Each structure stands twice: as structure tokens, then as C-alpha cells.
Amino acid sequence: MSARPDITVVIATRLRPERLGYLTELHASLQRQTVPFEAVLVLDGADPARLPASIAADPRIRVLALPRPVGAAAARNLGLRMVRTRYVCYSDDDDLLSDDSLAVRHQRITETNLGWVAGLSADLYPDGTTRIWHCPTPPGRHRPGDVVTYWTSPQAPIPLGQTMLLARTSLVLAAGGHGGLPQGEDFLMVNAVTSLAAGELLPHVCYFYRRHEFQMTAGGAAFQQLEGAVRDFAFRQGHALRDLLALGRAGTPAGDPLTPPSSPVG
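Values in this document were obtained by computation on a predicted structure and should not be read as measured data.

A. Highlighting the pattern of salt bridges. All chains considered together, the criterion is met by 18 salt bridges. A salt bridge links R60 to D58, with the shortest nitrogen-to-oxygen separation between them at 3.1 Å. The exposure class of R60 is partly exposed, given its relative accessible area of 25%. A relative accessible area of 6% means that D58 is categorised as buried. In this structure, R231 and E227 form a salt bridge, with 3.1 Å as the shortest nitrogen-oxygen distance. In this pair, R231 and E227 are both assigned in helix α7 (residues 221-250), four residues apart and thus about one turn of the helix distant. Each member of the pair, R231 as well as E227, carries the same accessibility label: buried. Linked by salt bridges that have partners in common, R108, E111, R141 and E200 make up one network.

B. How the structure looks around the pairing of strand β2 (residues 38-43). Of all six residues that make up β2, six are buried, and the element is covered over most of its length. Of the two faces of β2, the one lined by E38, V40 and V42 and the one lined by A39, L41 and L43 are each fully buried. Here six bridges tie strand β1 (residues 7-13) to β2, and the two strands are oriented parallel to one another. Across the sheet, T8 pairs through a bridge with E38, a residue of β2. Read from β1 through helix α1 (residues 20-31) to β2, the crossover connection turns out right-handed. Examined bridge by bridge, β2 and strand β3 (residues 61-65) share five bridges and lie parallel to one another. Counted as the bridge partner of A39 is I61 from β3.

C. The environment of V40, seen in detail. Position of V40 relative to the elements: it lies in strand β2. Each C-alpha atom, one on V40 and one on R62, is 4.9 Å from the other, the two residues being 22 residues apart in sequence. For V40, the contacting residues outside a window of four places in its chain are T8, V9, V10, I11, R62, G79 and M82.

D. Examining the nonpolar core more closely. Counting residues in each nonpolar core, the largest one holds 34 residues, and the members touching the most others are W116, L160, V172 and V193. Broken down by element, this core gets its largest block of residues, five residues, from strand β6 (residues 116-124). Apart from the residues within four sequence positions on either side, L160 is in contact with W116, W133, C135, T137, V147, L165, V190, T194 and L201. Among the nonpolar cores identified, the runner-up in size contains 29 residues, and I7, L20, L30 and L43 belong to it.

Conventions used here
Residues numbered from 1 in each chain as written. Predicted model: local features only at pLDDT ≥ 70, side-chain atom pairs only at ≥ 80, totals over all residues. Heavy atoms only, no water. Salt bridge = Lys/Arg side-chain N within 4 Å of Asp/Glu carboxyl O. Buried < 20%, exposed > 50% of the residue type's maximum accessible area, 1.4 Å probe, protein only. Helix = DSSP H or I, 4+ residues; strand = E, 2+ residues; numbered from the N terminus. Pairing = 2+ DSSP bridges. Right-handed = clockwise from strand over helix to strand, strands pointing away. Contact = heavy atoms within 4.5 Å. Core = buried A, V, L, I, M, F, W, Y, C linked by side-chain atoms within 4.5 Å.

Rendered as C-alpha cells:
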């Protein structure tokens, strides 16, 4: 690929031994992409010596080795700092991209000049079968702030997954990247990006979310201890941001910042 890349894929990883095979398969799915790309692989306190040789040898992948573990949110934000392309997207180290994942979203975002374009995500099971996740947000064009209205309660399914998004790098930076939560930081990023700019959800699978026993969100006790509080905060953040931005566009002074966000408007 001789053309200059327009997209960077940011991947945070701790190079855990049980997930290295998945990371290698993710790399293989990146190699099958039909448009030029760069990737920033953020080693979250992991020893670079554990990096698979095929990945270390790929000149399209820039490795950022952090001196200590900082968590997914901070690792992704430090990776975002290294992005030098117009558009950015994210992948977890154990998932896969469809062969046309970058091309389909890139074509649409460049022809529409939207802030973000998303594709559908499908669950990938150990036996190789897949099942499309039909997120609450319907396919089609969405105005700034529309997406969060499809998140109806903290416990309800989130409106979009962060790995579904391809977005303008400047927009993700303006949104503050991934928020300061120990988990669910991606909820905050999706809320902010989709509230600040219009975008579109394509009815096309662009991402495979691998279901396996080593998932970070597999439901262990430590994860579940904070999940309710994290979801409540992210839900409130998304709806409060939408309300405040709507007031700003209407030229209305913001109300009491301590007032709980209004009920979702579908």
C-alpha cells in the first residue's frame, strides 16, 4: 500500500499470555484491510519483549510502551496522543475487524463529511459462529445528541459500542478521549463524540467482538462490583451533556448544574 494512511487504529494491551494468540489474529485481520492504515499499539505496562514477532516487524504499527500499567482509559488516551491521521478508531486486543471494516467506514465518512461513522458489531463465539448485535441505535443518520437518547436507563444496553466508531481525530480529542473510569470508560467517549457531532450508523458488520473465557468483561466479581456505579455515572454524563449542548445551540443559559439530567427523549 503506497498511499498515505488516513486512519489510525489504537489498540491497548497488556500482552497477557492467554490473549497473545488473539492479538496475532487481530493483526492478521488488519493485514487484510483494503485501505492504508497505521496502528498505535499501547503496551499498558507490558514487557515489549513479549510482543509477537510478526507484529513487531510490521512498519505500520507504532508501539508505545508505557513504563507502568495505567488502565485502558489512560492507555488509549496516550495512544491517541500519537495519532497523526485524520481519522481514528479503536480495537480491543482480542477482537477482529471484518476485511472491509476500515474501507466501508472511511468511504462513508469522507463522502458525507460527518464527524463519525459506525458499523455494526457481531459477537464471535469459540466455535466460529457469529451473531450480529443489534444495538438500540437504528441504522441511519443521527444528529448531535441523538444517540444517547437510545440509552433508556443505566442498566439498558448501551446505544453504540466504541469499537464500532470511526471518527475524526480532532473530534475524539475535543471529546476528551476515554473518560476517567476504571471500566466503562468507552461509554463516556461514545457519549461525547456522538453528542458533539452528527454521524451515521451503517447496516454493515465491521467488527467482531470475541466471546471467550478471558474477556475483561466476562463478569468476574471484581468487575461486577463497580459495573452499576459506572453505568449510572456514564448514563448521567451522556444525558447531561446532551441537555447542555442543546441549551447552548438554542442560545439558552444553562440551568443549575446540580440538577439531574432530564428524562431521555427518544
